[in-house]
Amino acid sequence: FTANDSTHTDGRLNMGQILDRNGKVLYDAETGEYAADWITRISTLHAVGDGSGFIGTSARSAFADRLGGFDPVFGTTGGGNKLYLTIDADLNETAYGLLSGYKGVVAVYNYQTGEVLCMVSAPAYDPLYPPTDVDNDPAYDGVYMNRFLSSTFPPGSVFKVVTTAAALEKLNGILDRTFVCEGEYRIGDDVITCPHVHGEMDLYGAFANSCNCVYAQLAMELGGETLEKYAEEAGLLDAIAVSGLATAEGSFTIGESYELGWSGVGQFHDMVNPCTMLTLMGSIAKEGAPALPRLIHKERSVNSIPHLVPGRKLGDATFDKKTCQTLKEMMANNVAVTYGQSNFSDLKICAKSGTAEVESGAQPHAWFAGFLDDAEHPLAFVVLVENGGSGASVAGNIASQVLQQAVSKMGE
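Residues numbered from 1 in each chain as written. Predicted model: local features only at pLDDT ≥ 70, side-chain atom pairs only at ≥ 80, totals over all residues. Heavy atoms only, no water.

J.: What exactly am I supposed to notice about the environment of Thr-163 here?
T.: Within the fold, Thr-163 resides in helix H7 (residues 160-170). Among the residues examined, Thr-163 registers a relative accessible area of 0% and is labelled buried. The spacing of Thr-163 and Leu-218 is 55 residues in sequence and 7.5 Å in space, taken between C-alpha atoms. In this structure, Thr-163 is in contact with Tyr-215, Leu-218, Leu-222, Leu-227 and Gly-264, ignoring residues within four places of it in sequence. (Helix = DSSP H or I, 4+ residues; strand = E, 2+ residues; numbered from the N terminus. Buried < 20%, exposed > 50% of the residue type's maximum accessible area, 1.4 Å probe, protein only. Contact = heavy atoms within 4.5 Å.)

What follows is the structure in structure tokens.
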């Protein structure tokens, strides 16, 4: 109860600690102190929370009941609980630095356990020294919103994973077909364009080249209702619960011919949430029902007595197993022939990039999403750099560095 002066100060809970998965203290409610390093405070702002409670999906706001440690017999005399988040502060620090001042999202999770190891949303600020001009400075637009959980963005070519799945399951003999890209695909009087003339290729080549002409053609063959159904089966249209926190819902609009072609490419009015895209990557990697992302690692009393916390939960299966296996092969092929394995060291990476055009005419959003096909390092990832330009070169570089650090830490 926020009016209880023994547990609250100015309406804010003054009990409990928030720590990362390795025991690094990120916030101590009793003293009001955050982590000592400014980069830790900024990079974990949306996971931990701010002093005014503006970030409603943060641990300070959403998990206050766990931090308070109320006991029906002893009340709050225990002094609050230690709440360990699944995130690794070191990974968050690296990811935030790599965004280099851009707005965006960097997230990595274990697709077997559901534990979110990295969750960065930018812009952010130092909660010890909150800026006074947040409401007037465009650099802080949307700063109180965790973009990973609560925002949606045009997906660009990462949506071609969904169109490919639909083609594999609905268009007979699709893997035996060849396509020709001449740089444009005409639908009536309208034209869908490619940045390059790709020439003749099969579906693997079209996916690796991210050919708009081929994917517009596939969208026309599949039809809007089928694409919408597959976007829904992929989990991109509905909200999911992340330790009780609901993500934003995505959207898919069935347009007429020319618009439908762009929808199959991942443009028109397609919108997806980064967390649900991450979960889709985990589902493909697992070839079945995905482990839903979660943020609570463990909970302890001040006397180190463990408390029960929700464990792994599975979502609904997306595509069938054979489809997932083919998508894995195609996403691995993307790395081999387009992105370059040398850019990812020896990571067994499967990925799809996206360069999502925005209506304002600004630089496109850069996406890079995928997973490691590695039983010892079952990690899925999503990187979104708003107005960052090319998905593979900009967002892919961030993903590579964060994943290499994550793999190294898993071996410690």
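J.: Hey, could you run me through the sheet that holds strand E16 (residues 306-307) in this one?
T.: Where strands meet in a sheet, backbone hydrogen bonds hold them as pairs that are either parallel or antiparallel. Taken in spatial order, the 6 strands of this open sheet run E5-E4-E3-E6-E15-E16, and their pairing is mixed. Strands with a single pairing partner mark the edges of an open sheet, and in this sheet they are strand E5 (33-34) and E16. Note that strand E3 (residues 17-19) and strand E4 (residues 25-28) share 3 bridges and pair antiparallel. Across the sheet, the residue bridging to Leu-19 is Val-25, located in E4. (Pairing = 2+ DSSP bridges.)

J.: Mind showing me how you'd approach the sheet that holds strand E17 (residues 349-356) here?
T.: Taking strand neighbours across the sheet as the criterion, the 5 strands line up as E8-E7-E19-E18-E17 in an open arrangement whose pairing is antiparallel. With partners counted over all chains shown, the strands left at the sheet margins are strand E8 (116-122) and E17, one partner each. Adjacent strand axes in the sheet meet at a mean angle of 5 degrees, parallel and antiparallel pairs treated alike. The sheet contact formed by strand E7 (residues 104-110) and strand E19 (residues 379-385) spans 7 bridges and is antiparallel. Bridged to Val-106 within E19 is Val-383. Running over the sheet, helix H12 (residues 274-286) touches E7, strand E18 (365-372) and E19 and is turned about 150 degrees from E19. (Axes fitted to C-alpha atoms, helices over the stretch in contact; angles between N-to-C directions.)

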